[in-house]
Amino acid sequence: MKLYENQTLKIYNSLSGEKEVFKPIHEGNVGMYVCGPTVYSNVHLGNVRTFMSFDVIFRYFLHLGYKVRYVRNITDAGHLENDAEEGEDRIAKKARIEQLEPMEIVQRYTVDFHTILHKLNFLPPSIEPTATGHIIEQQEIIKKIIDNGFAYESNGSVYFDVVKFNETNHYGKLSGRNIEDMIANTRDLDGVSDKKNPQDFALWKRAEPQHIMRWSSPWGIGFPGWHLECTAMSTKYLGETFDIHGGGMDLKFPHHECEIAQNEACTGHSPVNFWMHANMLILNGKKMAKSTGNYILPNEIFSGGNEILSKAFSPNVTRFFMLQAHYRSVLDFSNDAIVGSEKGFNRLMEGMELLDKLKTSSSSTLGISAWKKSCYEAMNDDFNTPILIAQLFEGIRFVNLINDGKETITENDLNELKATLNGFIFDVLGITNEQIANDNSEKLEGVVNLMIQMRNEARANKDFALSDQIRDQLLAVGIQLKDGKDGTSFSVS
């Protein structure tokens, strides 16, 4: 029996605005598509946060025993500088500025994207298709939409007719926008535009002579619209209707709204059962932006080469920090926040190091099964990682109580405790088993053991003032002594 058969997973569906019980289209199988990066610059921390949310979701489905096909695309063409479909292609512009071929830009930043995600211990998706690898599929969808009466050709470009579509469908149902309001708040088209209506969006754009990235089509030389690639790739690999489509909150409109319209215009039905959106990451209470200097790249966190943080932080600590907020909540990245996360991470790892040293008894004084159930309840409630992490710390508290001889545990319960902690920390959250001790650990242990010996001698001589002074001064620098029946041990915070 698979784990998912005994679990009731609820997911917040952006389309309905409610948490709904997840039932896959095909029993035991999950199809999930997530909008990937446009590879024209180094991946920034906000992007990483979105992809990490879906990495954990992917991991939890696998943990429950589902067979998952996870598709995450690479946008290597068609994404213009703004959502009004004006300006240059972002990749072509970077290629022109740096005097490189567009595919050199794509290769450089795709490698950067993969390198950063590898450092943060992401699982690779099942399929990672590119927009340029699916030009034919995109053109075929355009033909169908034209044939169905929801698109028109104009001066070598093809546009989706939003007003015509809205006569029989609902454009705006995902974002909650009303097309009448959109029309009322839009300036009239000037005589230069090829569109019938300001709300129409490009399925295929005519390539101007200076446009580097261009392909032949039935409508002339051009390139595909940004929204179209995800429709083509998601349906090719997951079918006309699939389980989950995810991305950042900023993609809800217009990108995902346009995807829904394209799919419905092509197939006559909705493409996705669950729409999921991860919220943004801000820096020191403000939106990240290169233009203001309020931004930080992942490698700058790992190396410490920045003016925002007090020191370097490992990929493990960075990952742990991000998972302490729910994926639908805004996350504020700051020095104080990640310092606090590092302390919590070290406490978690210290507890995991103690796990294999615990002694078993004939009876348990802790409710391990109830605690395990609470871990699953957290993840089953729309992948609530902060609640899960709180429960994992409760499990580490159990470990410390058992280690200190204040609670007892049977062998079976200990095995269940180990399996649950390992499963959620390493498999689901994707934390790697990092030894927190550094190269000076042996020297530190020797010095602290010498201080413990001096303290023991002071206690034996009834010099309790010196004994307390040693304990308190060690505590002041983050070293806590623990007196037990087997002697004195210490931990570093």
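Residues numbered from 1 in each chain as written. Predicted model: local features only at pLDDT ≥ 70, side-chain atom pairs only at ≥ 80, totals over all residues. Heavy atoms only, no water.

Visitor: Please explain the overall build of the protein chain as it appears in this structure.
Guide: From N to C terminus, the protein chain includes 16 helices and 15 strands. On the principal axes, the C-alpha backbone points of the protein chain span a range of 95 × 50 × 40 Å. Per-residue burial over the protein chain gives 49% buried out of 493 residues. Look at the contacts in the protein chain between residues 6 or more apart in sequence, and 74% of them connect residues 24 or more apart. Roughly 23,000 Å² of accessible area belongs to the protein chain as shown, and the carbon and sulfur atoms make up 48% of that amount. If the 50 positive side-chain charges of the protein chain are averaged to one point and the 65 negative ones to another, these points end up 3 Å apart. (Helix = DSSP H or I, 4+ residues; strand = E, 2+ residues; numbered from the N terminus. Buried < 20%, exposed > 50% of the residue type's maximum accessible area, 1.4 Å probe, protein only. Contact = heavy atoms within 4.5 Å. Areas by Shrake-Rupley, 256 points an atom, 1.4 Å probe, with all protein chains shown as cover. Lys, Arg positive; Asp, Glu negative; His and termini not counted. Charge placed at Lys NZ, Arg CZ, Asp CG, Glu CD.)

Visitor: How do you make sense of the sheet that holds strand β10 (residues 272-278) when you look at a structure like this?
Guide: Where strands meet in a sheet, backbone hydrogen bonds hold them as pairs that are either parallel or antiparallel. Strand order in the open sheet made by the four strands is β4-β3-β9-β10, with parallel pairing throughout. A single partner strand is all that each edge strand has here, and the edge strands are β4 (67-72) and β10. Strand-to-strand, the axes of this sheet are offset by a mean angle of 20°, without reference to chain direction. (Pairing = 2+ DSSP bridges. Axes fitted to C-alpha atoms, helices over the stretch in contact; angles between N-to-C directions.)

Visitor: Sorry if this is basic, but what is going on with the packing of aromatic side chains here?
Guide: Each aromatic ring pair is characterised by the separation of its centres together with the angle its planes make. In total, this model carries 20 aromatic pairs according to the counting rule given. Sitting over the ring of Y152, K196 keeps its end group 4.6 Å from the ring centre. Positioned above the aromatic ring of Y12 is the side chain of R328, whose terminal nitrogen or guanidinium carbon lies 4.1 Å from the ring centre. (Phe/Tyr/Trp six-rings, centres within 6.5 Å; stacked < 30°, edge-to-face > 60°. Lys NZ or Arg CZ within 6 Å of the ring centre and 35° of its normal.)

Visitor: Explain the nonpolar core here, please?
Guide: Across soluble globular proteins, you tend to see nonpolar side chains buried next to one another. If you look at the biggest cluster of nonpolar residues, it comprises 92 residues, and the most contacted ones within it are F61, F333, F383, L417 and L421. Top element by residues in this core is helix α1 (residues 45-63). It accounts for 10 residues. Those residues in contact with F61, other than ones at most four positions away along the chain, are L9, I11, F22, V30, Y66, V68, I244 and F383. Core analysis: the second largest hydrophobic core is formed by 23 residues, I142, Y171, I179 and W219 among them. (Core = buried A, V, L, I, M, F, W, Y, C linked by side-chain atoms within 4.5 Å.)

Visitor: What am I meant to see in the packing of helix α2 (residues 90-98) against helix α3 (residues 102-119) here?
Guide: Helix-helix packing is characterised by the crossing angle of the two axes and by the distance between the axes. Interhelical geometry of α2 versus α3 gives an angle of 105° and a closest axis separation of 8 Å. In this view, α2 runs roughly perpendicular relative to α3, as classed from their interaxial angle. For the pair formed by α2 and α3, the contact residues are I91, K94, A95 and E98 on the first element and P102, I105, V106, R108 and Y109 on the second. Considering only residue class, the contact of α2 with α3 consists of six nonpolar, no polar and three charged. (Parallel < 35°, antiparallel > 145°, perpendicular 65-115°, else oblique. Nonpolar A, V, L, I, M, F, W, Y, C, P; charged D, E, K, R; others polar.)

Visitor: What am I meant to see in the pairing of strand β6 (residues 157-160) here?
Guide: Working note: regular strand, side chains alternate between the two faces of the sheet. Here β6 shows no split at all, with S157 and Y159 on one side and V158 and F160 on the other all buried. Pairing analysis gives four bridges linking strand β5 (residues 151-154) to β6, with the strands arranged antiparallel. Looking at β6, one finds that E153 is bridged to V158. From the end of β5 to the start of β6, which pair antiparallel, there are two residues, and N155 there has a positive phi angle of about 55°. With three bridges joining them, β6 and strand β7 (residues 201-206) adopt antiparallel strand pairing. Paired with F160 across the strands is F201, a residue of β7.

Visitor: Please explain the environment of N13 as it appears in this structure.
Guide: Looking at where N13 falls in the secondary structure, it is placed in strand β1 (residues 10-13). Classification of N13 by relative accessible area gives buried; the value is 3%. With 291 residues separating them in the primary sequence, N13 and G304 have C-alpha atoms 38 Å apart. Polar contacts involving the side chain of N13 include one to the main-chain carbonyl oxygen of N273, which spans 2.8 Å. (Polar contact = N/O pair within 3.5 Å; in protein donor to acceptor, adjacent residues only side chain to side chain.)

Visitor: I keep staring at the packing of helix α4 (residues 135-147) against helix α8 (residues 252-267) and nothing clicks. Help me out?
Guide: Orientation of α4 relative to α8, taken along the N-to-C sense of each, is 65°, at an axis distance of 8 Å. Looking at the two axes, α4 sits roughly perpendicular to α8. Crossing hand, α4 versus α8: left-handed. Within the contact between the two elements, α4 uses I141, K144 and I145 and α8 uses Q262, A265 and C266. (Left-handed = near helix turned anticlockwise from the far one by under 90°.)

Visitor: How do you make sense of the sheet that holds β6 when you look at a structure like this?
Guide: Read from one edge of the open sheet, four strands run β5-β6-β7-β8, paired in antiparallel fashion. Looking at which strands have only one partner, the edges of the open sheet turn out to be β5 and β8 (222-224). Taken over all neighbouring pairs, the strand axes of this sheet differ in orientation by 20° on average, direction set aside. The sheet contact formed by β7 and β8 spans three bridges and is antiparallel.

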